[in-house]
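# Reading the structure
Single-letter residue listing:
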Amino acid sequence: LVPTIPSKWCVDLVSPSWQLVRAAIKSEGTDGEGPRKFVLISDTTLPIQTMSRIRQVLLKADHSDLCISPQKEWASMRIFGVTYSIVKHHQWAVLNLDDAFAFVYGWEKLSSYSQHAKSGNVELSPGQYMWDVPRMGANGLANFSEVVARSLIPAPGRCPDEEVLTSFIFGLHEQGKEDIWKSILARGHCRTYVNWACKNPPEVFSK
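Heads up: these notes are all about the structure in this document. Per chain, residues are indexed from 1 in the order of the written sequence. Restriction of local features to residues with pLDDT of at least 70 applies here, the model being predicted, together with a cutoff of 80 or more for giving and counting side-chain atom pairs; totals for whole chains, interfaces and linings are based on all residues. As a convention, hydrogens and water are excluded, and side-chain values are obtained from all of the structure's heavy atoms.

Before going further, it helps to spend a moment on the pairing of strand S8 (residues 142-149). On a regular strand, each side chain points to the face opposite its neighbour's, so the side chains alternate between the two faces of the sheet. Bridge analysis of strand S7 (residues 132-136) against S8 gives 5 bridges, and the strand direction is antiparallel. If you follow Pro134 over to S8, its bridge partner there is Val147. Here S7 folds back onto S8, and the loop between the two strands holds 5 residues, one of which, Gly140, carries a positive phi near 85 degrees. Only strands that DSSP links by at least two bridges are regarded as paired with each other. Put simply, DSSP marks the helices as runs of H or I at least four residues long and the strands as runs of E at least two long, and each gets a number from the N terminus on.

See below:
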């Protein structure tokens, strides 16, 4: 168990995830061989495969698996002639070690929600964004030295836990980075969410 920290639906559900991933990294250390994965799932999640099958599939490759939403759902804004988009994702995800580090580091560096928590309550409302979004660097990863305030990109009803993972791992989507994003979108699989309307459910561990 890890200490409880303040949270609020659609305002800050990221801090509890950050707390869990940070504790998991510290408890496991950085030594060892082979891929390691950090899985964020809901307390109401039901397993649809055996643990041995899940482990086999998740450890077959070292990349993270994020459920990324269609581009029409991404929050976008044109700023000084550049269109920036925050790539929306499902809040439950599978992270590799490097991406888990990026998430923990990004939330520590670029969010200020803890300053608005008093007596166990987060004194903010949905839509009051207290974090910055890094731009994508030349290496295809988030550049934490170049950021855009999340509050500059309007998205009524959007919750931070649907945006922070892609933001802190890869950064913003913008012109000139389309090929990098195409590769990112092609390599991940949606492991933590099943669309039961698909032709052959459940497809999450078919690859």
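So, next bit.
With that out of the way, let us pick up the pattern of salt bridges. When a carboxyl oxygen of Asp or Glu is within 4 Å of a side-chain nitrogen of Lys or Arg, the pair counts as a salt bridge. One pass over the full model with this rule turns up 7 salt bridges. Among the ionic pairs, Glu73 bridges to Lys88, the shortest N-O distance being 3.2 Å. Of the two residues, Glu73 is situated in the loop between helix H2 (51-58) and strand S2 (75-79) and Lys88 in the loop between strand S3 (82-86) and strand S4 (93-96); the sequence distance between them amounts to 15 residues. For Arg135, the salt bridge goes to Glu174, with nearest N and O atoms at 2.6 Å. In this pair, Arg135 is assigned in strand S7 and Glu174 in the loop between helix H4 (164-169) and helix H5 (178-187), connecting sequence segments 39 residues apart.

Here, expected helix span is obtained from the residue count minus one, scaled by 1.5 Å. Between the first and last C-alpha of helix H3 (residues 97-110) there are 20 Å, a value that for 14 residues agrees with the 20 Å anticipated at 1.5 Å per step. Restricting attention to buried positions, one finds in H3 the residues Leu97, Asp99, Ala100, Ala102, Phe103, Val104, Gly106, Trp107 and Leu110. What makes two residues a contact is simply this: any of their non-hydrogen atoms within 4.5 Å. The elements touched by buried residues of H3 are helix H1 (14-28), strand S1 (37-40), S4, S7, S8 and H4. For this analysis, a polar contact is any N or O atom pair within 3.5 Å, provided that within protein one partner can donate a hydrogen and the other can accept it, and provided that sequence-adjacent residues contribute only side-chain to side-chain pairs. A distance of 3.3 Å separates the backbone nitrogen of Asp98 from a side-chain oxygen at the start of H3, and that oxygen is part of Asn96. To sort residues, take the accessible area from a 1.4 Å probe on protein chains only and compare it with the maximum for the residue type: under 20% means buried, over 50% means exposed, and anything in between is partly exposed.

Further remarks concern the state of the cysteines. Disulfides are defined as cysteine sulfur pairs within 2.5 Å. Inspection of every chain in the model, using the stated rule, returns 2 disulfides. Here Cys10 is linked by a disulfide to Cys159, with a sulfur-sulfur distance of 1.9 Å. One quick way to see it: the torsion about the S-S bond of Cys10 and Cys159 is about -90 degrees, and its sign makes the bridge left-handed. Pair noted here: Cys10 is in the segment before H1 and Cys159 is in the loop between S8 and H4, with a separation of 149 residues, a long-range link. Per residue, the accessibility class of Cys10 equals that of Cys159, and both read buried.

The relative placement of two packed helices is expressed as an angle between their axes plus a distance between the axes. Where H1 meets H3, the axes come as close as 10 Å, and the angle between the chain directions of the two elements is 130 degrees. The pairing of H1 with H3 is recorded here as oblique in orientation. Considering only the axes of H1 and H3, their crossing is left-handed. Contacts from Val14, Ser15, Ser17, Trp18, Val21, Arg22 and Ile25 of H1 reach H3 at Ala100, Phe101, Phe103, Val104, Trp107 and Glu108. Split into classes, the residues belonging to the contact of H1 with H3 amount to 9 nonpolar, 2 polar and 2 charged. Axes here refer to lines fitted to C-alpha atoms; in helices the fit is confined to the stretch in contact. Angles between the N-to-C directions go from 0 to 180 degrees. Roughly parallel means an angle under 35 degrees; roughly antiparallel, over 145; roughly perpendicular, 65 to 115; everything else is oblique. In a left-handed crossing the near helix is turned counterclockwise from the far helix by less than a right angle, and in a right-handed crossing that turn is clockwise. Any residue outside Ala, Val, Leu, Ile, Met, Phe, Trp, Tyr, Cys, Pro, Asp, Glu, Lys and Arg is labelled polar, Gly included; the first ten of those are nonpolar and the last four are charged.

As far as function goes, none of this settles anything; it's purely spatial.
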